[in-house]
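# Structure at a glance
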Amino acid sequence: MQLTRQTALALQQEGKAAYEAGDPHDSSPYDRLGNADQQFGYQYWTRGWVTARSAAEDAQEPAGASTGR
């Protein structure tokens, strides 16, 4: 695997797709304790998964805020 920006973006897209498919956070096909390629894959796959989760949470309507009255 080439450790490039293009590869990083592709890995992030994999992570986003995994989140949208309902895969859990720990379902990354990459090993965070493996060699450099595996660690790179894990880091960017996870970044994509977390980004997708954050976007989904932000898209939800927040509960109405209480004014205290």
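Our structure's up above, just so we're on the same page.
Here's a quick rundown of the structure.

## Looking at the side chain of Gln12
Here Gln12 is to be found in helix H1 (residues 5–20). With relative accessibility at 17%, the residue Gln12 sits in the buried group. The residues contacting Gln12, other than those within four sequence positions of it, are Tyr44, Arg47 and Gly48.

## Remarks on the pattern of salt bridges
Summed over the entire model, instances satisfying the criterion amount to one salt bridge. Between Arg53 and Glu57 there is a salt bridge whose closest N-O contact spans 3.9 Å. Taken together, the residues span about one helical turn, with Arg53 and Glu57 both in helix H2 (residues 36–59) at a distance of four residues. A relative accessible area of 31% places Arg53 in the partly exposed class. Its relative accessible area of 46% is what places Glu57 among the partly exposed residues.

## Observations concerning the nonpolar core
Listed in full, the eight residues of the largest apolar core are Ala8, Leu11, Ala18, Tyr30, Phe40, Tyr44, Trp45 and Trp49. Excluding its chain neighbours within four sequence positions, the residues that come into contact with Ala18 are Asp23, Trp45 and Trp49.

## Side note on the packing of H1 against H2
Remark: H1 packs on H2, axes separated minimally by 7 Å, with the N-to-C direction vectors making an angle of 50°. It follows from the interaxial angle that H1 and H2 lie oblique. H1 and H2 meet at a crossing whose hand is right-handed. In this structure, H1 uses Thr7, Ala8, Leu11, Gln12, Glu14, Gly15, Lys16, Ala18 and Tyr19 to contact H2, whose residues at the interface are Phe40, Gly41, Tyr44, Trp45, Arg47, Gly48, Trp49, Thr51, Ala52, Arg53 and Ala56.

## Structural notes on H1
Over its 16 residues, H1 runs 23 Å from end to end, which matches the ideal 22 Å to within 8%, given 1.5 Å per residue. Residue Gly22 follows H1 closely and has a positive phi angle near 90°.

## Details of the packing of aromatic side chains
This structure, assessed with the given rule, holds two aromatic pairs. Plain terms: the ring middles of Tyr19 and Trp49 are 5.1 Å apart, the flat faces sit at 85° to each other, and that makes the pair edge-to-face. With Tyr19 in helix H1 and Trp49 in helix H2, this residue pair connects regions lying 30 residues apart in the sequence. Residue class for Tyr19 comes out partly exposed when judged on its relative accessible area of 25%. When the ring of Phe40 is compared with that of Tyr44, the centres are 4.9 Å apart and the planes differ by 50°; the resulting orientation is tilted.

The rules we used
One numbering rule holds for all chains: residues counted from 1, following each sequence as written. The model is predicted, so local features are restricted to residues of pLDDT at least 70 and side-chain atom pairs to those at 80 or more, both for listing and for counting; the totals for chains, interfaces and linings are taken over all residues. To obtain the side-chain values, all non-hydrogen atoms of the structure were included, while hydrogens and water were left out. Helix and strand definitions follow DSSP, with helices as H or I runs of at least four residues and strands as E runs of at least two, each counted in order from the N terminus. Here's how the labels work: a residue is buried when its accessible area is under 20% of the maximum for its type, exposed when over 50%, partly exposed in between, all with a 1.4 Å probe on protein chains only. Residue contacts follow a heavy-atom distance rule, with two residues in contact if any of their heavy atoms lie within 4.5 Å. A side-chain nitrogen of Lys or Arg and a carboxyl oxygen of Asp or Glu constitute a salt bridge if their distance falls within 4 Å. Take the buried Ala, Val, Leu, Ile, Met, Phe, Trp, Tyr and Cys residues and link them wherever side-chain atoms come within 4.5 Å; each set so joined is a nonpolar core. Only C-alpha atoms enter the line fits that serve as axes; for helices the fit covers just the stretch in contact. Angles between N-to-C directions range over 0 to 180 degrees. Any angle that is under 35 degrees is reported as roughly parallel, and any over 145 degrees as roughly antiparallel; angles of 65 to 115 degrees are reported as roughly perpendicular and all others as oblique. Rotating anticlockwise by less than a right angle from the far helix to the near helix defines a left-handed crossing, while the corresponding clockwise rotation defines a right-handed one. Take the residue count of a helix, subtract one, and multiply by 1.5 Å to get its expected span. Aromatic pairs are defined between Phe, Tyr and Trp rings, using the six-membered ring for Trp, whenever the two ring centres lie within 6.5 Å; interplanar angles under 30 degrees are classed as stacked, those over 60 as edge-to-face, and all others as tilted.

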